Amino acid sequence: MTGPYSDEPRLALPTTPEVRETIAHLQLLEQLDPGGCGPAAGQLAAALARRLPAP
């Protein structure tokens, strides 16, 4: 792959505890959202959980 790379600072990857906390918030949103976005939040939480190493 060739091409220029940006000199802009890059964001740090989230830590495992940060991702676990995000998953918990998404699961809560899934339960509390009456507006119809809950299933999408649950799907995202499940996708993130599958990528984490086993505790």
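Refer to the structure printed above.
Counting restarts for each chain, with residues numbered from 1 along the sequence as it is written. For a predicted model such as this one, the threshold for reporting local features is a pLDDT of at least 70, and the threshold for listing and counting side-chain atom pairs is 80 or more; totals across whole chains, interfaces and linings nevertheless cover every residue. Side-chain metrics rest on all non-hydrogen atoms present in the structure, leaving aside hydrogens and water.

(A) Quick peek at the overall build of the protein. Helix and strand definitions follow DSSP, with helices as H or I runs of at least four residues and strands as E runs of at least two, each counted in order from the N terminus. Within the protein, the regular secondary structure consists of two helices and zero strands. Our radius of gyration looks at C-alpha atoms and nothing else; its globule reference is 2.2 Å times the residue count to the power 0.38. Its C-alpha atoms give the protein a radius of gyration of 16 Å, more than 25% over the compact-globule value 10 Å for 55 residues. By its C-alpha atoms, the protein is 45 × 30 × 20 Å across when sized along the principal axes. Scored against the burial criterion, the 55 residues of the protein give a buried share of 15%. When a residue's accessible area, from a 1.4 Å probe over protein chains only, is under 20% of the maximum for its type it is buried; when over 50% it is exposed; and in between it is partly exposed.

(B) Highlighting the nonpolar core. Remark: nonpolar core denotes a set of buried residues (Ala, Val, Leu, Ile, Met, Phe, Trp, Tyr, Cys) joined through side-chain atoms within 4.5 Å. One finds Val-19, Ile-23, Leu-26, Ala-41, Ala-45 and Leu-52 forming the largest nonpolar core, which totals six residues. Those elements giving two or more residues to this core turn out to be helix H1 (16-32) and helix H2 (38-51). Of the residues forming this core, the biggest block, three residues, is contributed by H1. Any two residues whose heavy atoms approach within 4.5 Å at even a single point are treated as in contact. Among all residues touching Ala-41, those that are not within four sequence positions of it are Leu-26, Leu-29 and Glu-30.

(C) Highlighting H2. Any helix carries an expected span of 1.5 Å times its number of residues minus one. The end-to-end C-alpha distance of H2, which contains 14 residues, comes to 20 Å, matching closely the 20 Å that a straight helix rising 1.5 Å per residue would cover. Looking at the buried side of H2, the elements it contacts are H1.

(D) Quick peek at H1. Between its terminal C-alpha atoms H1 stretches 24 Å, which fits the 24 Å expected from 17 residues at 1.5 Å a residue. Those residues of H1 that fall on the buried side of the exposure criterion are Val-19, Ile-23 and Leu-26. One side of H1 carries all its buried residues, which in axial view fall inside an arc of 65°. For H1, exposure combined with an orientation more than 90 degrees from the buried face picks out Pro-17, His-25, Gln-31 and Leu-32. Against the buried residues of H1 lie H2. The reported arc concerns the directions from the helix axis to the C-beta atoms and nothing else.

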